[in-house]
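# Working through the structure, step by step
So the chains spell out like this:
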Protein chains: 2
Amino acid sequence: MDAPANGGRANGGLDAIFSPRSIALVGASDDPARIGGRPLAYLRRSGFDGAIYPVNPKRVTVQGVPAFASVAALPAAPDLALLAVPAAATLEAVEACAAAGVKGAIVFAAGFAEMGEAGVAEQRRIADAARAGGMRLLGPNCLGAADAATGYYGTFSIMLDEAFLTPGPVAIVSQSGAYGSHVAQLARTRGLGIRHWITTGNEGDVDLAEALLWTVERDDVRVVIAYAEGIRRRETFFAALERARERGVAIVMMKVGRSDVGARAVGSHTAALAGSDAVFDAVCRQYGVHRARSTAEQIDVAYACARGHYPSGNTLGIFTMSGGLGIQMADDADAAALDVAPMPDKAQAELKALLPYASPVNPVDATAQAMTDLPLMSRYIGTMIERGGYDMFAAILGTAPALPSYAERLAEALDAAAANSGVLRAVTMNAPAAAVRAYEERGFLVFDDSVALTGALGALVRFRESFARPKMAAVPLPAPFRATGPLSEHGAKAVLGAAGIAFPNERLARNPEEAAAAARTIGFPVVVKICSPDIAHKTEVGGVMVGVADAAAVTAATETLLARAAMAAPGARIEGVLVAPMIAGGVETIAGIHIDATLGPVVMFGLGGIFVEVLKDVTFRAVPFDVGEAHRMIAETNAAALLRGVRGAEPADVAALADTLAALSRFAAANADRLAGVDINPLKVMPQGQGAQPLDALVLTREGGG
Amino acid sequence: MDAPANGGRANGGLDAIFSPRSIALVGASDDPARIGGRPLAYLRRSGFDGAIYPVNPKRVTVQGVPAFASVAALPAAPDLALLAVPAAATLEAVEACAAAGVKGAIVFAAGFAEMGEAGVAEQRRIADAARAGGMRLLGPNCLGAADAATGYYGTFSIMLDEAFLTPGPVAIVSQSGAYGSHVAQLARTRGLGIRHWITTGNEGDVDLAEALLWTVERDDVRVVIAYAEGIRRRETFFAALERARERGVAIVMMKVGRSDVGARAVGSHTAALAGSDAVFDAVCRQYGVHRARSTAEQIDVAYACARGHYPSGNTLGIFTMSGGLGIQMADDADAAALDVAPMPDKAQAELKALLPYASPVNPVDATAQAMTDLPLMSRYIGTMIERGGYDMFAAILGTAPALPSYAERLAEALDAAAANSGVLRAVTMNAPAAAVRAYEERGFLVFDDSVALTGALGALVRFRESFARPKMAAVPLPAPFRATGPLSEHGAKAVLGAAGIAFPNERLARNPEEAAAAARTIGFPVVVKICSPDIAHKTEVGGVMVGVADAAAVTAATETLLARAAMAAPGARIEGVLVAPMIAGGVETIAGIHIDATLGPVVMFGLGGIFVEVLKDVTFRAVPFDVGEAHRMIAETNAAALLRGVRGAEPADVAALADTLAALSRFAAANADRLAGVDINPLKVMPQGQGAQPLDALVLTREGGG
């Protein structure tokens, strides 16, 4: 075990809660079936070798263990106190623990923030009391935590009635205790070893993000199965995801509240805000987190990652004895972005020589005949693996391994074929658990069907790409902008321009004469736009005139615009008009900064025009990010295909676009606490070498609209 | 059993193959493990009560059954001959059967069309020999067929070593024998009763479509699990799908070859063409077929349909004891287009009175506390079902039913709650098979997880909608068009116009003077386009001029266009120029007729402009179809949102668009054998009341481009 080095104070004191060396159980019960009795029964049965102090003023012993009348009466301050007391008695218990020098507490009781205003206030009181006493707190309304390697079970989860957890490379971190138990149950049925198990409940103090960060720092942990309803500490959350990536720890995330009805249910279940699901999804891609759509998928991916074998590329060789099942897997592999590359021609000829009836392309279909001559089949598959050069190999076995007489010989033959290659090996089969284990022991990943197999292998490929990506260099942020109050278009462009975003050559003119002069400098035709910090939506007041062709027209347009503004928005501060060049052509996109309710400022990018609303073809990234991330962001949208050029159009200046997005992300990071949102719409991406042209900009600050 | 009424000649003679009353086994083996021995062993063990004639010239008895030296020596012509002979001996065996008056044969041998040209020819010979003798033929390269109710097992599938099929509402029809065995194995493990099991293999004669049509006509069949790599007889296929819909039989289809690599593998596996996957997908929606993406989904949906209980609407009430799992199911339900409608306010108050801690909105989260008082929980759920008025009820039970002591009482409590309502009841649980069966016996559908449950319930809703739709009235088709050879735009519009498609008021002019006169009639500005059957792509020869403003300009434009055409396409037959009104505004869409390699002519519709290529936002329908189907077709595309009007735009004339698509479908049906394709691009859908304006039309005929 990796015991805490300094009495649980490392890692913000979380060791005391997640892997304590001594434990008090406040509200200890003699009945091992009750909430106050279960943890004690578990700790005794599991062989936890630290001190255990039942606290119960009415008893001399609890379940045979000497009891203490109060926390104050303990012979030594334990790392952790498990509080199995009602909600109403919790504050007093927390205060007593803090006074006694206890380092951490777990609060099982429900009846706090999930029960409305009074509960929220009481939850804040217990968190404050813990903080004041230098103590960390897990819960309330949680199922506790466990460390299978030390026999620490600070929980009353009934899943332990069946068996304790078996230590292994998996950690489970869940806001919901019920989900945490459910997924642990499924994971261990799948044969996964679970070292750490943590449920955070209402998150009065310790939240999911901190638990994740603590978990990904454990040397024994390779995979984290996470369940989230919302995120509280976004900086910690991002730090945990980034640290996981650096350390090659796979995070497999279930985040609920995808749908409106689900988000509504999150609201009624916990106090966590759901935030925008599209933003969460994009941030998972940014940090290389696998977001699972179903619990079954979460288990399948975690299972594959637990092996720690990440393929170095995305090619998959498929071996089948049934053409139909082979085609099905090829389809599923394609959907999972795996490359079912054909065997080299020469290798196909070699395979043809071995089995004339077989189809040696890929999927390699040896037909059911292969079953009858296992040594030949082994040689055949060996040739396929050696000559195909695939990163991954999958065999479709169906129910064949269900025949006990056959299963072992088939496993041997497959094993021999792949013995001397580093290829990642997986099979699909429908067979009893014992047969599955036999294949696993030989190093095969075993799945129920091809959707599960290809989905998990696809996840391995993406994890590897993410792990291999160098840590983003520290990005120097621009100085925060200093303007206060709402910003005009001109003001918005000035602050964005200072942050490195290039705008077209345009001028602010205070009167018709200045406007005409500006237009002459810029060249005709021009666009003339009213410029006021108090008019955010210019077109709504008729404040934009395009294609203005000469000096006289500019003069007239300026007079018209100033008159219209005076009429439509009498109190508005008018800075003048903006005179800008007409920019024709280019691909119309939209970019901006959106402040997510839970993940904070994110840069948004997508296809522009009316398609934004209809297709919602936009994506997001947490800020700041570099140009490489900007390119990955652009590639996620349908705009990418347009930018490459369709119907003979020139490719657009994607490099300039990526620069603009990265600069926007630095601006967002530098001004995170002041911004309410930014729109750059349209952002025209011109042909290669001609840059990205942001034609309009709106910066909204928290003090007021721009 | 529904015995064939007339000796197997009904249904095109398919009864003789799918449910025969007497069987010869040619190539019968005394070894019950060999291909020639297995069917005999199965038929004897299963209690098949018709005559069985082993044919083997070398033996007096086979497996104890009196044998015959040849088919000619049989005492009576059997309904069916199972041919367990090598490929090379098959033709002779088929001829002998035909000569003896056998009604049907099943050919097990491989080595035909899947082996290249020589195999294709040999397969044609055996099919021809069967046809000449009035005999139907299943295979070659198939696993045969079975009828569980009569004990007929005309197959050597090893799945029967374990147990025979149990008759029930399910039929399995599969082109692949291995897939057919695989899915049958999974279905029966799930507890599904399988009456008919049919594999069609290379389809030398009987194909999937015919087998489907035969199957959906059986009174005992409620669900067909189908597996297809390609479709041969499209008319029969459509007839089978339509007949299934009329009879309320659910077809749950796995069609492989979705991806390019999968389609390539289909090519190397069988001779069936894959066709376009998007077309197949759309046709499934048109006919109410559920197309499964995975075998697990196929089983889940078939399982739900087997109950024959289709909910009358799409509202789902979710009961959970874990908030997290409830939210997850709400998300999954939303993705499956189910409506997780909140409980009525008054009902929420009633639930609140019963369990103050619970969240009564929907998902209704009773928290784990509900577990401790089952009578109260039962009352609670009863109130939820009664007052919520949901079409479907789902309870999330997790591992609770795995505790034997608890499972039965929990099932009782749930059952009592729903006893007097017609609500469709389903649960998710992770428990042993015995617990699952106990819930099923009480009428609950049982699933592993919420993705499976909501996916299957969503399928039930869509099946019901499809079953409830009245049979499409017979559509009177227009007369086939009579023009031969390539058609000009004018010619194309003439034949489409005769079929009921309305075009803008435009004129063909043979010279500049006629063009100017036409333009005066139409009103300026106009479009002038070169018109020739030999110039399909006018813009490529500079053959279109837009915004032509007055008579002089029309004259000049016409001269220019005629000169350009003479230069760019010297041999082209020039009909003159088309003069058409400029039509501004409207939503730009595209429609056309595409000839699918397997499903024949289909109408295509989608968003127009460059987005066609980038977004591929198009859908398809088999022809002909009515206006109702056209509306469903439009609703499937992103164009639908644009047509409703975005950013304050007027709603477009969707009714006119639907009329146009339906007319196009009738044109396609009337000219199915002559068309190579039709493009109507752009098809501008104008504001309501102003119609759909097809601005250009291209009709390609099989004799040559238009």
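Residues numbered from 1 in each chain as written. Chains lettered and ligands numbered in written order. Predicted model: local features only at pLDDT ≥ 70, side-chain atom pairs only at ≥ 80, totals over all residues. Heavy atoms only, no water.

## With respect to the side chain of H290 of chain B
- On the secondary structure map, H290 of chain B appears in strand β14 (residues 290-291).
- Among the polar contacts made by the side chain of H290 of chain B, one reaches the side chain of E297 of chain B at a distance of 2.7 Å. (Helix = DSSP H or I, 4+ residues; strand = E, 2+ residues; numbered from the N terminus. Polar contact = N/O pair within 3.5 Å; in protein donor to acceptor, adjacent residues only side chain to side chain.)

## What about the relation of the copies chain B and chain A?
- Taken as rigid bodies, chain B and chain A are interconverted by a rotation of 180° and an axial shift of 0.1 Å, the fit giving an RMSD of 0.1 Å. Read as a symmetry element, the transformation amounts to a two-fold axis. (Least-squares fit on C-alpha atoms with pLDDT ≥ 70 in both.)

## Here's the deal with the nonpolar core
- Counting residues in each nonpolar core, the largest one holds 313 residues, and the members touching the most others are F319 and L457 of chain A together with F319 and L457 of chain B.
- Residue contributions to this core peak at nine residues, all from helix α16 (residues 450-468) of chain A.
- Setting aside anything within four residues of it in sequence, one finds L457 of chain A in contact with L316, L338, M392, L424, A426, L445 and F447 of chain A.
- L487 and L675 of chain A together with A591 and L607 of chain B belong to the second-largest nonpolar core, a separate cluster that totals 85 residues. (Core = buried A, V, L, I, M, F, W, Y, C linked by side-chain atoms within 4.5 Å. Buried < 20%, exposed > 50% of the residue type's maximum accessible area, 1.4 Å probe, protein only. Contact = heavy atoms within 4.5 Å.)

## Description of the sheet that holds strand β1 (residues 22-26) of chain B
All names here are of chain B.
- Taken in spatial order, the five strands make up an open sheet running β2-β1-β5-β6-β7, and their pairing is parallel. Both edges of this open sheet fall to β2 (51-55) and β7 (136-138), since each of them pairs with a single strand only. Here the average twist between neighbouring strands, direction ignored, is 20°.
- With five bridges connecting them, β1 and β2 associate as parallel partners. The residue of β2 that forms the bridge with V26 is V55. (Pairing = 2+ DSSP bridges. Axes fitted to C-alpha atoms, helices over the stretch in contact; angles between N-to-C directions.)

## Concerning the environment of V206 of chain A
Residues and elements named next belong to chain A.
- Structurally, the position occupied by V206 is in the loop between β11 (194-199) and α6 (208-216).
- Each C-alpha atom, one on V206 and one on R232, is 9.9 Å from the other, the two residues being 26 residues apart in sequence.
- Contacts of V206, omitting those with residues within four sequence positions, involve L14, I17, F18, R136, L137, L138, T200 and R233.

## Quick notes on the interface of chain B and chain A
- The interface is formed by 62 residues belonging to chain B together with 62 residues belonging to chain A.
- Between chain B and chain A, roughly 4,800 Å² of surface is buried when both sides are summed, and carbon and sulfur atoms account for 65% of that area.
- Of all residues in chain B, the largest losses of buried area upon contact with chain A belong to I327, D331 and R647 of chain B, amounting jointly to 12% of the total for that side.
- Joining chain B to chain A, the criterion identifies two salt bridges.
- One salt bridge in this structure joins R258 of chain B and D332 of chain A, with 3.0 Å as the shortest N-O distance.
- At the surface where chain B touches chain A, the tally comes to 12 residue pairs in polar contact (both at pLDDT 80 or more).
- Those elements giving two or more residues to the side of chain B that touches chain A turn out to be α6 (177-189), α9 (260-269), α11 (295-306), α12 (323-335), α21 (611-615) and α23 (639-644) of chain B. (Buried area = accessible area lost by both parts, 1.4 Å probe. Salt bridge = Lys/Arg side-chain N within 4 Å of Asp/Glu carboxyl O.)

## Side note on the pairing of strand β12 (residues 223-228) of chain A
Residues and elements named next belong to chain A.
- Taken across its six residues, β12 has six buried, putting it largely inside the fold.
- Every second residue of β12 is oriented toward a common face, with V223, I225 and Y227 on one face and V224, A226 and A228 on the other, all of them buried.
- Pairing between strand β10 (residues 170-174) and β12: five bridges, direction parallel. Each residue of the ladder has a partner; that of S174, found in β12, is Y227.
- Bridge count for β12 against strand β13 (residues 250-255) is six bridges, and the pairing is parallel. Its bridge partner lying in β13, Y227 is registered against M254.

## Some thoughts on the side chain of R674 of chain A
- As for its placement among the helices and strands, R674 of chain A is situated in the loop between α23 (654-670) and β27 (675-685).
- Once residues lying within four places of it in the same chain are set aside, the contact partners of R674 of chain A are F481, R482, A483, T484, T701, R702 and E703 of chain A.

## Side note on the pattern of salt bridges
- For the coordinates displayed, the defined rule picks out 86 salt bridges over all chains.
- Among the ionic pairs, D161 of chain A bridges to R38 of chain A, the shortest N-O distance being 2.8 Å. Remark: R38 of chain A occurs in helix α2 (residues 38-46) and D161 of chain A occurs in the loop between β9 (152-154) and β10; sequence separation between them is 123 residues.
- Close ionic contact of R387 of chain B with E350 of chain B constitutes a salt bridge, the shortest N to O distance being 2.6 Å. With a gap of 37 residues between them, R387 of chain B in helix α14 (residues 374-388) and E350 of chain B in helix α13 (residues 345-354) connect regions that are remote in the sequence.
- Overall, the relative accessible area of 30% leaves R387 of chain B in the partly exposed class.
- Relative accessible area serves as the criterion here: at 32%, E350 of chain B is assigned to the partly exposed category.

## What about empty space enclosed by the protein?
- On inspection of all chains with the given rule, the structure shows five cavities of 30 Å³ or more.
- In this structure, the largest cavity spans a volume of roughly 140 Å³.
- If you go around the largest cavity, you meet 15 residues; those closest to its centre are L325, Q328, D449 and S450 of chain A together with H182 of chain B.
- Looking at the lining of the largest cavity, the elements that each hand over two or more residues are α11 (323-335), β17 (392-398) and α16 of chain A.
- For the lining of the largest cavity, the element with the highest residue contribution is α11 of chain A, accounting for four residues.
- When its residues are assigned to classes, the lining of the largest cavity shows four nonpolar, eight polar and three charged. (1 Å grid on protein atoms, 1.4 Å probe; cavity = no way out; pocket = protein on both sides within 12 Å on 5 of 7 lines; lining within 4 Å. Points joined across faces, edges and corners; volume = space filled by probe spheres on them. Nonpolar A, V, L, I, M, F, W, Y, C, P; charged D, E, K, R; others polar.)

## Notes on the UniProt feature "domain: ATP-grasp" (unreviewed entry) in chain A
- Taken from the UniProt record, the annotation "domain: ATP-grasp" (unreviewed entry) applies to residues 493-529 of chain A.
- Counting secondary structure, residues 493-529 of chain A comes out at 46% helix and 19% strand; the distance between its end C-alpha atoms is 14 Å. (UniProt positions renumbered as here; feature names shortened; annotations may be inferred.)

## Let's talk about the domain arrangement of chain A
- Each assigned domain of chain A is listed with its residue range as follows: domain 1 (1-162), domain 2 (165-308), domain 3 (314-444), domain 4 (505-574) and domain 5 (587-701).
- Computed from C-alpha atoms alone, the centre-to-centre distance between domain 3 of chain A and domain 4 of chain A is 70 Å. (Domains from an automatic or database assignment.)

## Description of the layout of surface pockets
All names here are of chain B.
- Volume-wise, the second largest pocket comes out at about 950 Å³.
- Lining the second largest pocket are 36 residues; nearest its centre among them are K538, T539, N681, P682 and D696.
- For the lining of the second largest pocket, the secondary structure elements donating two or more residues are β21 (526-531), β22 (544-548), β23 (576-581), β24 (587-596), α21 and β27 (675-685).
- Taken together, the residues of the lining of the second largest pocket sort by class into 18 nonpolar, seven polar and 11 charged.
- Per-domain counts for the lining of the second largest pocket show at least three residues from each of domain 4 (505-581) and domain 5 (587-701).

## Digging into the sheet that holds β23 of chain B
Residues and elements named next belong to chain B.
- Spatial strand order, β20-β23-β21-β22: four strands in an open sheet with antiparallel pairing. The open sheet has two edge strands, β20 (507-509) and β22, and neither has a second partner. Pairwise comparison of adjacent strand axes, ignoring direction, gives a mean angle of 25° for this sheet.
- Sheet strands in contact with helix α20 (residues 551-568) are β21, β22 and β23, and its direction is about 25° off that of β21.

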